[in-house]
Amino acid sequence: MTYVSAYINEINQYMSMAYGDGPGGGTPAPLPPGPAAQPSALPATVKGLSLVSLFNDFASEMVYPLLPAFITSLGGGPAILGALDGASDLTSALLKWLSGRWADRPGWRKPLILVGYGTALFIRPFIALAGAATTVLGFRVIDRVGKGLRTPARDAMIADATPAPLLGRAFGFHRGADHFGAVLGSVAAWFLLTRGVAVRDVIAWTWLPGVVVMLILFRVLRHAPSLKPRDPAAPARLDATGRVFWGPMLMLAALTLFRVPEALLLFRLQGLGVPVATVPLVWAGLHVVRSGAAYPGGWLSDTLGTRGTVAVGGLLFAGVMYLLGGALTEAAGVATFLALGLAGGLLEPAERSLVAQLAPVRTGRGFGAYHGVTGLAALPAGLLFGLVYQNAGANVALRASAALMAVTALGWLVIRSPRTPPPPLPTR
């Protein structure tokens, strides 16, 4: 809970900060001169976008943990659940690939972020009107269209606004706020369900945090610095040699390919006896762990480097999958599932910090490529593990994922990755 308090304090500072109107508006006042030259405070743009993500995930996670039960009530099964994550991530990945390129055009980042959040927040309440499992799948895909538009531009904006030594902590702070919003959304869903509110009505209520997101987002984008035109003399590619970027990216895609979709993990908990009304609460607990681990994970990435941080995160994920594939009691299954948050807290900020280091010039394109290749890997992962789960059982699906993740995490250690961020370029 110490880190949750830190997030709240940072957000309070952001909301009370007075902004300037010049091109540097949206950044904190300079620190007084002192002996240390290293920056220590996260920029206001990072805090503002983190607050936006917090409320967006509040809305999103009122829906996501209910989807397995909702789809099952409409006649769907594990294969549909696997396709749900896979197809939505595929749609998001294809758009991220394109929107990452668009995000490097002057004047495009802010509209991409605004339209991306607006699309998702508008369509999400309509999931409550679905009358078939395939309709839920369609609405979820449209929801992911918004994610595909906004994510590379938002991550590139965070990377551009953050001093190089703080990249891991900036992304850790953002991911922590995002997961804290998921905690609030899941708890809200659980509270409404325990008060007798129907699943459809819980989903419909996501319009309320959606309105809050848009109000905050207008303020954040108004003061966020715009992308400067890239220096024509700067390198045209993502980095000096393509393999330096694509080697790590393909390994990160493999780590995604071998992960069991979270919708199937929630389905596994139901199979272990966790009641449907309790699933949102367990989902909230997962995000408590992720939120608490994200900032320390970012600090670890800044301090020790991305290579070891990503490897440890992958091995933790493999261990959780192995345990969930065994015979567990309800309580043991929940405890093991919560440990998954530690892996996410290590992987998410380290991966994003690595992308910012490897793509210091066309940062939007770098994040578009990262989200694109990892998202494309999610579709075969969803379909593969969904079918294996349905036809061979949870034990085979989860332990196959554990073995493949462990091998890939160890293989990651031989892929060269930078230990510290390169010095920032003078212009973009």
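Residues numbered from 1 in each chain as written. Predicted model: local features only at pLDDT ≥ 70, side-chain atom pairs only at ≥ 80, totals over all residues. Heavy atoms only, no water.

Engineer: Explain the overall build of the protein to me, using residue names and the numbers behind them.
Structural biologist: Looking only at helices and strands, the protein has 16 helices and 0 strands in total. The proportion of buried residues among the 428 residues of the protein is 55%. Contacts in the protein between residues at least 24 apart in sequence constitute 87% of all its contacts with a sequence separation of at least 6. Total accessible area on the protein stands at roughly 16700 Å², and carbon and sulfur atoms take up 68% of it. (Helix = DSSP H or I, 4+ residues; strand = E, 2+ residues; numbered from the N terminus. Buried < 20%, exposed > 50% of the residue type's maximum accessible area, 1.4 Å probe, protein only. Contact = heavy atoms within 4.5 Å. Areas by Shrake-Rupley, 256 points an atom, 1.4 Å probe, with all protein chains shown as cover.)

Engineer: Hey, could you go over the nonpolar core for me, with residue numbers and the actual values?
Structural biologist: Of all hydrophobic cores here, the largest spans 102 residues; its most connected members are Met249, Met321 and Phe337. By residue number, the principal contributor to this core is helix 14 (residues 330–358), which donates 10 residues. If we skip the residues at most four places from it in the chain, Met249 touches Leu354, Val355, Leu358, Tyr370 and Val373. (Core = buried A, V, L, I, M, F, W, Y, C linked by side-chain atoms within 4.5 Å.)

Engineer: For the packing of aromatic side chains, give the residues involved together with the corresponding values.
Structural biologist: Per the counting criterion, the structure on display carries 8 aromatic pairs. When the centroid spacing of 6.3 Å and the interplanar angle of 45° are considered together, the rings of Trp102 and Trp108 count as tilted. What makes Trp102 partly exposed here is its relative accessible area of 25%. With relative accessibility at 36%, the residue Trp108 sits in the partly exposed group. Seen from their ring centres, Phe171 and Phe367 are 5.7 Å apart, and the 45° between their planes marks the pair as tilted. Here the residue Phe171 occupies a position in helix 7 (residues 167–194), and Phe367 occupies one in helix 15 (residues 363–392), the gap between them amounting to 196 residues. Each member of the pair, Phe171 as well as Phe367, carries the same accessibility label: buried. A connected cluster of aromatic rings, assembled from ring pairs, spans Tyr64, Trp283 and Phe337. One residue, Arg105, lies across the ring of Trp108, its end atom 4.7 Å from the ring centre. Stacked on the ring of Phe317, the Lys or Arg Arg259 has its end atom at 5.9 Å from the ring centre. (Phe/Tyr/Trp six-rings, centres within 6.5 Å; stacked < 30°, edge-to-face > 60°. Lys NZ or Arg CZ within 6 Å of the ring centre and 35° of its normal.)

Engineer: So what's going on with a nonpolar patch on the surface? Residues and values would help.
Structural biologist: Together, Trp205, Trp207, Leu208, Val211 and Leu215 line one region of the surface with nonpolar side chains, adding up to about 520 Å² of accessible area. Along the chain, the position of Val211 falls in helix 9 (residues 207–223). Classification of Val211 by relative accessible area gives partly exposed; the value is 41%. (Patch = residues over 30% accessible without salt bridge, like charges linked within 9 Å, V, L, I, M, F, W, Y side chains within 5 Å. Salt bridge = Lys/Arg side-chain N within 4 Å of Asp/Glu carboxyl O.)

Engineer: Kindly report on the environment of Ala156, identifying the contributing residues and their values.
Structural biologist: Among the secondary structure elements, Ala156 is positioned in helix 6 (residues 133–161). Ala156 sits 196 residues away from Arg352 along the chain, and the two C-alpha atoms are 9.7 Å apart.

Engineer: Explain the pattern of salt bridges residue by residue, including any values.
Structural biologist: Applying the stated criterion to the full structure yields 12 salt bridges. Measuring nitrogen to oxygen at the nearest pair gives 3.6 Å for the salt bridge that ties Asp178 to Arg175. On the criterion of helical spacing, the pair formed by Asp178 and Arg175 is a turn pair, its members being 3 residues apart in helix 7. Each member of the pair Asp178 and Arg175 is classed as buried.

Engineer: Explain the packing of helix 5 (residues 109–123) against helix 9 residue by residue, including any values.
Structural biologist: Where helix 5 contacts helix 9, the two axes come as close as 10 Å, and the packing angle between them is 175°. Between helix 5 and helix 9, the interaxial angle falls into the category roughly antiparallel. Here Lys110, Ile113, Leu114, Tyr117, Gly118 and Leu121 of helix 5 lie close against helix 9, whose contacting residues are Gly210, Val213, Met214, Leu217, Phe218, Leu221 and Arg222. Class assignment for the residues of the contact of helix 5 with helix 9 results in 9 nonpolar, 2 polar and 2 charged. (Axes fitted to C-alpha atoms, helices over the stretch in contact; angles between N-to-C directions. Parallel < 35°, antiparallel > 145°, perpendicular 65-115°, else oblique. Nonpolar A, V, L, I, M, F, W, Y, C, P; charged D, E, K, R; others polar.)

Engineer: An account of the environment of Val52 is requested, with residue identities and associated values reported.
Structural biologist: With respect to the element layout, Val52 can be found in helix 2 (residues 44–60). Measuring from C-alpha to C-alpha, the distance between Val52 and Gly181 comes to 9.4 Å, with 129 residues separating the pair along the chain.

Engineer: Tell me about helix 6, and please be specific about residues and values.
Structural biologist: If you check helix 6, its first and last C-alpha atoms are 42 Å apart, about what 29 residues at 1.5 Å a residue would give, namely 42 Å. Where helix 6 bends most, at Arg150, the angle is about 35°, and the proline Pro152 comes one to four residues later. With 21 of 29 residues buried, helix 6 lies mostly within the body of the structure. (Expected span 1.5 Å × (residues − 1). Bend = angle between axes of the 7 residues up to and from the residue.)

Engineer: Account for the confidence of the model for the protein, naming residues and giving values.
Structural biologist: Of the residues in the protein, 82% reach a pLDDT of 70 or more, and the chain-wide mean stands at 79. Per-element confidence in the protein ranges from a low mean pLDDT of 47 for helix 1 (residues 2–16) to a high of 92 for helix 2. In the predicted structure, residues 10–37 sits below a pLDDT of 50 and forms 36 contacts with residues beyond four places in sequence or in another chain. With pLDDT under 50 throughout, residues 231–241 is counted as low confidence; its partners more than four residues away or in other chains account for 19 contacts. (pLDDT = per-residue confidence, 0-100.)

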